[in-house]
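Okay, here's what each chain looks like letter by letter:
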Number of protein chains: 2
Amino acid sequence: MSHPFRLLARRYRRHPFPYRRCYSVRVPGDGGGEGQSFRDIRTVADLKEWQPERRVSDVQVCGWVRSVRKSSSVRFVDITDGSSMRPMQAVIDKSLAADIRPGAAVRLTGVWHSSASKLLSNVESQGDSLARRSPIAGIQTPAGHQPSSNNPGRSSEQASAASLPPSSSSISVQEGGASSTTVTSRGQTQASAMAELQVSQVEILGSSDPHTYPIQNKYQTPESLRAISHLRPRTPLNSTLLRLRSDAMAILTQFFFNEQFQQTHPPIITSSDCEGAGEAFTVKSGAPSEFFRDPKYLTVSSQLHLEALAQALGNVWTLSPTFRAEQSDTSRHLSEFYMLETEMSFVQDMDEVMDLAQKMLASLASGLSQRSAAQELEKHRLDSRDPAERLAFEDLVDIKELQQRWRGLMAPTRWPRVTYTEAIKILEPVAHMFEHKPVWGSGLQSEHEKYLAEKIGYDAASDALLPIFVTQYPRDIKAFYMLQSQSPPPQGQTVDCFDLLVPNLGELAGGSMREYRLAQLEDNMRLHGLEVPTHRKARSNDMGWYLDLRRWGCPPHGGFGLGFDRLLSYLTGVPNVRDVVPFPRHFERCDC
Amino acid sequence: MSHPFRLLARRYRRHPFPYRRCYSVRVPGDGGGEGQSFRDIRTVADLKEWQPERRVSDVQVCGWVRSVRKSSSVRFVDITDGSSMRPMQAVIDKSLAADIRPGAAVRLTGVWHSSASKLLSNVESQGDSLARRSPIAGIQTPAGHQPSSNNPGRSSEQASAASLPPSSSSISVQEGGASSTTVTSRGQTQASAMAELQVSQVEILGSSDPHTYPIQNKYQTPESLRAISHLRPRTPLNSTLLRLRSDAMAILTQFFFNEQFQQTHPPIITSSDCEGAGEAFTVKSGAPSEFFRDPKYLTVSSQLHLEALAQALGNVWTLSPTFRAEQSDTSRHLSEFYMLETEMSFVQDMDEVMDLAQKMLASLASGLSQRSAAQELEKHRLDSRDPAERLAFEDLVDIKELQQRWRGLMAPTRWPRVTYTEAIKILEPVAHMFEHKPVWGSGLQSEHEKYLAEKIGYDAASDALLPIFVTQYPRDIKAFYMLQSQSPPPQGQTVDCFDLLVPNLGELAGGSMREYRLAQLEDNMRLHGLEVPTHRKARSNDMGWYLDLRRWGCPPHGGFGLGFDRLLSYLTGVPNVRDVVPFPRHFERCDC
């Protein structure tokens, strides 16, 4: 068997033409005589991690000015390109820095040097006396300026000034520099890497008037930032949350790819109005007649369509926008949100569905923990000194609880699983604690869910908050498509379903086995007061197509849906789900 | 610096609990005494590739019956689980096969044997005389039944029958079997692997009435299948197209991850009605008042929001649903479709944007060519013998042209780039060929695009169809946000934009540099008859927020958008874009 596509791909990969790409950071060509490839340094985050042995000139950095601190002869400028939570430092001679203002987009060229390159300097050159004399020179700051948290260590003004004017364009060992020392939040003294760009050339790519710029380098409340959602991603915390969101998508895609699940695009515009509950948005065109003949709605869940796809492809998943026209104004609800939904064919045991949910979440947490966005969100909460940064972190869930959440997500044991009936038995003795009495047959209130998650989910041995599965809810309070349990409790009929509960947030995911037998599904629909079409009519809004799935070759199957935004809120400790989506939509608010 | 998340992840990965997962195919435990791990065999596609040295019993396969061929004592059953275009063969004793009907969902248990295990049998056992005597025994078929294309080779009835009744439950070397030979479409004779499941146990998981089942194992026109979009993915071609779609998503995610682009979720419900062109769907809730206070729309493009995100994150991309209420009923238009859009900050040369587009598409084609869906779509067009399969393939673009397209996408050279003005000069001498006269200042008609793509894009040396970039269109026929060219031609003002054209399909992608200067953008808006808000008002539908992006630190930037469904149509040779999406929505049609 020949694979011409594959062969071509192999051949062509050997001869790629040089794609041009202006990364935000450019360092001089490959190797630079040091036997080290510089090509992977493409962003400020990469540059900050780079510790070349010698100073490197002709380094070019594009980014936005986050703050400027003045001294008599130089400006210390914090630069970000969105790749890291904290900026890098550029040192610019006063004469070059006239238009360097907070918010401006700039391109800076100069000499990159880190403490590593300075150590070498110390050996090879004179002028290192400052570093030896004053180990804490690094935390001296220009008079009248707050120390910034953004670089734990700062070169002293004198050292930086000494290295100006700019060096020649070849890599050179220069004088000056200071190793730096900083005091951590625990009060310990430690040496830390210091790195900065000594700038020889400044280009203003997009100017900024700092007096009107809405993103000041000071604390702004989440509420005030929500009013400027088009500028909000420029804050350090919000840009990091968006990078974590991107990481999460990539890791989930990789996870399902490895598990051989097919990623699908179920429809956004659908015929179902959410069983008439009135929570679906309607879609209209400008034309007087119905564009699609019948009224159509924005999807409230992709599950029914995923079932159709799973019956052809086996195992499927999607991460799709979903919509609810609920008028609830809470920190947990959005009118437009992303749902991660999966459906598996040939599954007879709901434990397999719950295992998939746990494996997926554990894999996600594990993957994220190796990426910079999640690392920064933890590390900088521990070492934060900048007042604006600290205040922003104070809006988040306590770091100790956040670490308990992550430990729980990555726990090496199966998460606790209790039936709804058992859960009611746990709640009954403490009924006095609740506003709503726990009664078999009624839904669990959010206060009940919270109690259960904390009571059952906390694992003292590992100090971890394990998510918990509550299974087999009463049939009458759950959806028509769920499979009836084979051994219901004496209290009444139940269905094979689960909710995944976590402390504080409540329901993170919900899943079930689906009723796969036609007659029983039709019975369920009647029980739930739904119309049962006798046979599918083309171009109608009824559920005939969904019943069709049971008519021919419907195996036992099940799946779950998970609120992606809510998950990110849980992972990051951001209390309000509106702050983990770039452009939140909810009742009466849809800016931009 | 400690990374508790990372450390936990490492530690926990060493002690995972055994997640239960019922893959559609199960083979006996790890190694099975043959020193080979079986654990990676999880689907029919995996099983078909598997060539164990000995027969393996206790193999369990879940899947759907695609077809049943009868002989006097056994049934040859084609089984699929959606993981491969062609099914695997199960041989079932007549007495067990009573409810085995096309469309049914089944679980089969039995002995897996391939030609490899048979070769070993030949050495160790008797009964191999058939294989030696009759090398073409494999294409003998039971009397009265068409040879199926699905397994190029078939074991003879005798051989299969000889291996029944089922073997013991341990791995055993059994008698019988035949190597097989098949005739390819080029008329050459070649040996091919033969493998089948000799079934000892049958479970019907979901029955099917073959007389009413709409997905018959025969040719059905694309039009007729579109009327049953909830069942259509069960056909071999459509399930393969959906797998290719899934592969494409994974490969693109990987590509942008490697390129350090952040994946984002721009909003679906937006304030912009597409500059009043009336092609946007309106979103309404059931409530009498406006849910979001002002009228809101389904997004027609994520570009404007991506620009806001790129100004914070650097480089961003999205693969998002996009909507147009166009009443056009063509093979290229959908009302709901997926757009892949990117935006790059700090880009001053549009060549970089075009290079990204080419690199992305080349990477996608190369990645797809190493995945089974794309390989099957090529290979089976060359070796197809089954009439239904051949007829389905005949609906697609000619295989020779398809291969030219893939060679073009993976070409080692930069794709041709011509300006609009040059394109007009190319078209003018052959103006008589066109219905519409090519005139500088008017848009290129689809007939012009087609001519240009074929004329400029065909590379005779490699027999490849290269996509072509047409750049710098006249300002007045392009969008208000595009950057004016610095050196326009004498004919008039142009903008720095490009269309990526391919033969037959026309425009695959479009991009531009964006006007990043406030005053010039306002001028452009007035030129295009758009209202220019003097300053941003909270909660209004105007473009104030978009102008804000130019107020503070807007660097030169650019990006492109690509119709994902149209791209899949181009890659697969499926002429109608409605056949590469699972649930197509277009004027007057929105089933399910």
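Residues numbered from 1 in each chain as written. Chains lettered and ligands numbered in written order. Predicted model: local features only at pLDDT ≥ 70, side-chain atom pairs only at ≥ 80, totals over all residues. Heavy atoms only, no water.

Asker: Would you mind going over the overall build of chain A in detail, with residue names and values included?
Answerer: Scanning chain A from terminus to terminus reveals 17 helices and 21 strands. In chain A, which comprises 592 residues, the proportion classed as buried is 61%. Sequence separation of 24 or more characterises 69% of the internal contacts of chain A that already satisfy a separation of 6 or more. Accessible surface, chain A as shown: approximately 22100 Å² in total, 49% of it carbon and sulfur. (Helix = DSSP H or I, 4+ residues; strand = E, 2+ residues; numbered from the N terminus. Buried < 20%, exposed > 50% of the residue type's maximum accessible area, 1.4 Å probe, protein only. Contact = heavy atoms within 4.5 Å. Areas by Shrake-Rupley, 256 points an atom, 1.4 Å probe, with all protein chains shown as cover.)

Asker: Any details on the environment of A:Arg66? Residues and values, ideally.
Answerer: Tracing the backbone through its elements, the reader meets A:Arg66 in strand S2 (residues 56–70). Once the C-alpha coordinates of A:Arg66 and A:Arg234 are considered, the two residues, 168 residues apart in sequence, prove to be 9.3 Å apart.

Asker: Explain the pairing of strand S18 (residues 468–471) of chain B residue by residue, including any values.
Answerer: Residues and elements named next belong to chain B. Burial of S18 is two-sided: the residues Ile 468 and Val 470 facing one way and the residues Phe 469 and Thr 471 facing the other way are all buried. Pairing analysis gives 3 bridges linking strand S15 (residues 417–419) to S18, with the strands arranged parallel. Counted as the bridge partner of Val 418 is Val 470 from S18. Judged from the 4 bridges that link them, S18 and strand S19 (residues 497–502) form a sheet pairing that is antiparallel. Within S19, the residue paired with Val 470 across the bridge is Asp 499. (Pairing = 2+ DSSP bridges.)

Asker: Quick rundown of the side chain of A:Ser83? Include the residues and the values.
Answerer: Residues and elements named next belong to chain A. Residue position: Ser 83 is located in the loop between strand S3 (74–80) and strand S4 (88–93). Of the polar contacts made by the side chain of Ser 83, one reaches the backbone nitrogen of Val 44; its length is 3.4 Å. Residues within four places of Ser 83 in sequence aside, it is in contact with Thr 43, Val 44, Ala 45, Arg 243 and Ser 372. (Polar contact = N/O pair within 3.5 Å; in protein donor to acceptor, adjacent residues only side chain to side chain.)

Asker: Describe in detail the relation of the copies chain A and chain B, supporting the description with residues and values.
Answerer: Overlaying chain A with chain B gives an RMSD of 0.0 Å, the required rotation being 180 degrees about an axis along which the chain moves by 0.0 Å. Here the two chains are linked by the operation of a two-fold rotation axis. The position closest to the rotation axis in chain A is occupied by the C-alpha of A:Val283, lying 2.6 Å away. (Least-squares fit on C-alpha atoms with pLDDT ≥ 70 in both.)

Asker: Lay out the interface of chain A and chain B in plain terms, naming residues and giving numbers.
Answerer: The partner chain B presents 153 residues to the 152 residues of chain A that form the contact. Together chain A and chain B conceal approximately 13400 Å² of surface at their shared face, both sides included; 60% is due to carbon and sulfur atoms. On inspection of chain A and its partner chain B, the count reaches 6 salt bridges. In this structure, A:Asp351 and B:Arg20 form a salt bridge, with 3.3 Å as the shortest nitrogen-oxygen distance. For the pair chain A and chain B, the number of links is 47 residue pairs in polar contact (both at pLDDT 80 or more). Top contributing element to the side of chain A that touches chain B by residue count: helix H7 (residues 236–258) of chain A, with 12 residues. Across the side of chain A that touches chain B, the residue classes break down as 70 nonpolar, 43 polar and 39 charged. By the bridge criterion, 3 bridges tie strand S11 (residues 282–284) of chain A to strand S11 (residues 282–284) of chain B in an arrangement that is antiparallel. Residue A:Lys284 lies in a different strand from S11(B), and its bridge partner there is B:Thr282. (Buried area = accessible area lost by both parts, 1.4 Å probe. Salt bridge = Lys/Arg side-chain N within 4 Å of Asp/Glu carboxyl O. Nonpolar A, V, L, I, M, F, W, Y, C, P; charged D, E, K, R; others polar.)

Asker: Now, about the packing of helix H10 (residues 372–383) of chain B against helix H12 (residues 399–409) of chain B: what can you tell me, with residues and values included?
Answerer: All names here are of chain B. Relative to each other, H10 and H12 sit at 145 degrees, their axes nearing to 11 Å. Crossing angle aside, the handedness with which H10 passes H12 is left-handed. Facing H10, whose interface residues are Ala 374, Glu 378, Arg 381 and Leu 382, H12 presents Ile 399, Leu 402, Gln 403 and Trp 406. In terms of residue class, the contact of H10 with H12 is made up of 5 nonpolar, 1 polar and 2 charged. (Axes fitted to C-alpha atoms, helices over the stretch in contact; angles between N-to-C directions. Left-handed = near helix turned anticlockwise from the far one by under 90°.)

Read these as layout, nothing more, since geometry by itself doesn't imply function.
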